[in-house]
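# Descriptive analysis of the structure
Residue-level listing of the chains:
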Amino acid sequence: MSDALHPYATLTPDAVMDALSSIGLWGDGRLTALSSYENRVYQIGLDEPFEGHAQVVAKFYRPDRWSEDAILEEHAFAAELAAAEVPAVAPLVVQGRTLHQHAGFAFSVSPRRGGRTPELDDAEVLEWIGRFLARIHVVGAAGPFHHRPTLDLASFAIEPRDWLLAHDAIPLDVGSTWERLCNEAIAAAGAALSALSPQHLRLHGDCHPGNILWTPDQGPHFVDLDDARMGPAVQDLWMLQSGDRVQRQRQLGALIDGYEQFREFDRRELALIEPLRTLRLIHYSAWLARRWDDPAFPRAFPWFGSSDYWKGQCQMLEDQLESMEEPPLVV
């Protein structure tokens, strides 16, 4: 699909400023596109501060991804977190609403928050993050989502696999190998998930380091609840690990040390880390393939879709099959 045919092609700087002015906020000409692929996000300077904010972040939701009810549930969850003094960035209420419509786009406006990626090799930083993740989950456990999905095998692995195969997204020279390994990985992950009955609660859902803004004096701010959904608590912890098994065990230990200052952590869920990683691996490939008509994706991910890419995915699925056979981390 050409740039001109994609819905985001109409979201020019003028359109962004017009959307802002439609709710009574006036930009001062400073507009910076922020890193985001699923949605379009802009930092905008204001002529006059709104509720003390001289700069805001406007988020334009990808058309047809979420229903209005699902987006409003995200906003309500963010507001609950803010009310509980959890440092999650919630949309501003402008003209009595958090969700606005302009020129075919749903958008929200949030305060600008500064910060950098947290140092995940620092145990004190991880403990701090763990404390706030527990506080997110205390709020999340208070009630369910009704319009947002659950992290499960069907939506994160089976449906993405079927979509990729139905759309011939995988080159012929690697397709049969990938399908076989994918099926084996789904079976192994499914067995692990069905063996446990963990509590499902409202989660951040995509808690990787890029969605945490760190300031040395204030600690973490959690941003981008776009993937908030129901699921097990460990989903919000495992993406903050990296390195070899010893490093990951040390990082996880620091996170849980902080976490359990506010909420008990069910250690049975440690057995779900590798199955959840497997689901994310499959889901991510399908996410890229589904978004390929958005010109931003070929530019940002030029390596996607080649035989070498899919051979790499086969190797990662083999690695995940081995990882899911290993004993889970113990902390």
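About the criteria used
- Residues numbered from 1 in each chain as written.
- Predicted model: local features only at pLDDT ≥ 70, side-chain atom pairs only at ≥ 80, totals over all residues.
- Heavy atoms only, no water.
- Salt bridge = Lys/Arg side-chain N within 4 Å of Asp/Glu carboxyl O.
- Helix = DSSP H or I, 4+ residues; strand = E, 2+ residues; numbered from the N terminus.
- Buried < 20%, exposed > 50% of the residue type's maximum accessible area, 1.4 Å probe, protein only.
- Core = buried A, V, L, I, M, F, W, Y, C linked by side-chain atoms within 4.5 Å.
- Contact = heavy atoms within 4.5 Å.
- Pairing = 2+ DSSP bridges.
- Axes fitted to C-alpha atoms, helices over the stretch in contact; angles between N-to-C directions.
- Expected span 1.5 Å × (residues − 1).
- Bend = angle between axes of the 7 residues up to and from the residue.
- Patch = residues over 30% accessible without salt bridge, like charges linked within 9 Å, V, L, I, M, F, W, Y side chains within 5 Å.
- Areas by Shrake-Rupley, 256 points an atom, 1.4 Å probe, with all protein chains shown as cover.
- Lys, Arg positive; Asp, Glu negative; His and termini not counted.
- Charge placed at Lys NZ, Arg CZ, Asp CG, Glu CD.
- Phe/Tyr/Trp six-rings, centres within 6.5 Å; stacked < 30°, edge-to-face > 60°.

Turning to the pattern of salt bridges, a few remarks are in order. Note that side chains of opposite charge can pair when their charged atoms are close. In total, this model carries 22 salt bridges according to the counting rule given. The salt bridge partner of Arg65 is Asp227, with a shortest N-O separation of 2.8 Å. You can see Arg65 sitting in the loop between β3 (53-60) and α2 (68-83) and its partner Asp227 sitting in the loop between β8 (219-222) and β9 (229-231), a full 162 residues away along the chain. A relative accessible area of 24% places Arg65 in the partly exposed class. Here Glu326 and Arg245 are joined by a salt bridge, their closest N and O atoms 3.7 Å apart. Of this pair, Glu326 sits in the segment after α10 (307-325) while Arg245 is found in helix α7 (residues 245-259), placing the two residues 81 residues apart along the sequence. On the basis of relative accessibility, which here comes to 41%, the residue Glu326 falls in the partly exposed class. Where salt bridges share partners, they join Glu38, Arg40, Lys59, Arg62, Arg65, Glu74, Asp224, Asp226, Asp227, Arg229, Arg291 and Asp294 into one cluster.

Of all hydrophobic cores here, the largest spans 73 residues; its most connected members are Ile129, Leu133 and Phe222. Setting aside residues up to four positions removed in sequence, Phe222 forms contacts with Pro87, Ala88, Val89, Ile129, Phe132, Leu133, Ile136, His204, Cys207, Asn211 and Ile212. Judged by nonpolar contacts, the second largest core, of 21 residues, contains Val16, Ile23, Leu46 and Leu92.

Right, let's talk about the sheet that holds β3 for a bit. Spatial ordering of the open sheet is given by β1-β2-β3-β5-β4, a layout of five strands whose pairing is antiparallel. Each edge of the open sheet is held by one strand with a lone partner, namely β1 (27-34) and β4 (100-102). If you compare each strand with its neighbour and ignore which way they point, the axes differ by 35° on average. Of the strands in this sheet, β1, β2 (40-50), β3, β4 and β5 (105-111) are in contact with helix α1 (residues 13-21), which crosses β1 at around 120°.

Burial analysis of β2 places eight of its 11 residues in the buried class, the great majority of the element. Here β1 pairs with β2 via five bridges, running antiparallel. Residue pairing in the sheet places Leu31 in a bridge with Ile44 of β2. The antiparallel pairing of β1 with β2 creates a hairpin that spans five residues between the two strands. Direction of pairing for β2 relative to β3: antiparallel, over a ladder of seven bridges.

Look at helix α4 (residues 153-166): 18 Å from first C-alpha to last across 14 residues, which is about the 20 Å you get at 1.5 Å a residue. At Glu159, α4 shows its largest bend, some 30°, and a proline, Pro160, comes one to four positions later. Among the residues of α4, Phe156, Ala157, Pro160, Arg161, Trp163 and Leu164 are the ones counted as buried. For α4, the secondary structure elements touched by its buried residues are α5 (172-195), β9, α8 (273-290) and α10. A positive backbone phi angle near 50° is found at Asp168, which sits one or two residues after α4.

Taken together, the side chains of Glu119, Asp121, Asp122 and Glu124 define an acidic patch exposed on the protein surface. With relative accessibility at 58%, the residue Glu124 sits in the exposed group.

Let us look at unusual backbone geometry. With phi around 50°, Ala103 is a residue other than glycine that occupies positive phi space. For Ala103, the location among the structural elements is in the loop between β4 and β5. Ala103 gets classed as exposed once you look at its relative accessible area, which sits at 61%. Although it is not a glycine, Asp168 sits at a positive phi angle of roughly 50°. As for its position among the elements, Asp168 is in the loop between α4 and α5. Note on Asp168: relative accessible area 68%, which makes it exposed.

The tally for this structure, following the rule as stated, stands at 20 aromatic pairs. With a centroid separation of 5.7 Å and 85° between ring planes, the pair formed by Tyr259 and Phe265 is classed as edge-to-face. The burial state of Tyr259 is the same as that of Phe265; both residues are buried. Here Trp303 and Tyr309 contribute two aromatic rings whose centre-to-centre distance is 5.8 Å and whose plane-to-plane angle is 25°, an arrangement assigned as stacked.

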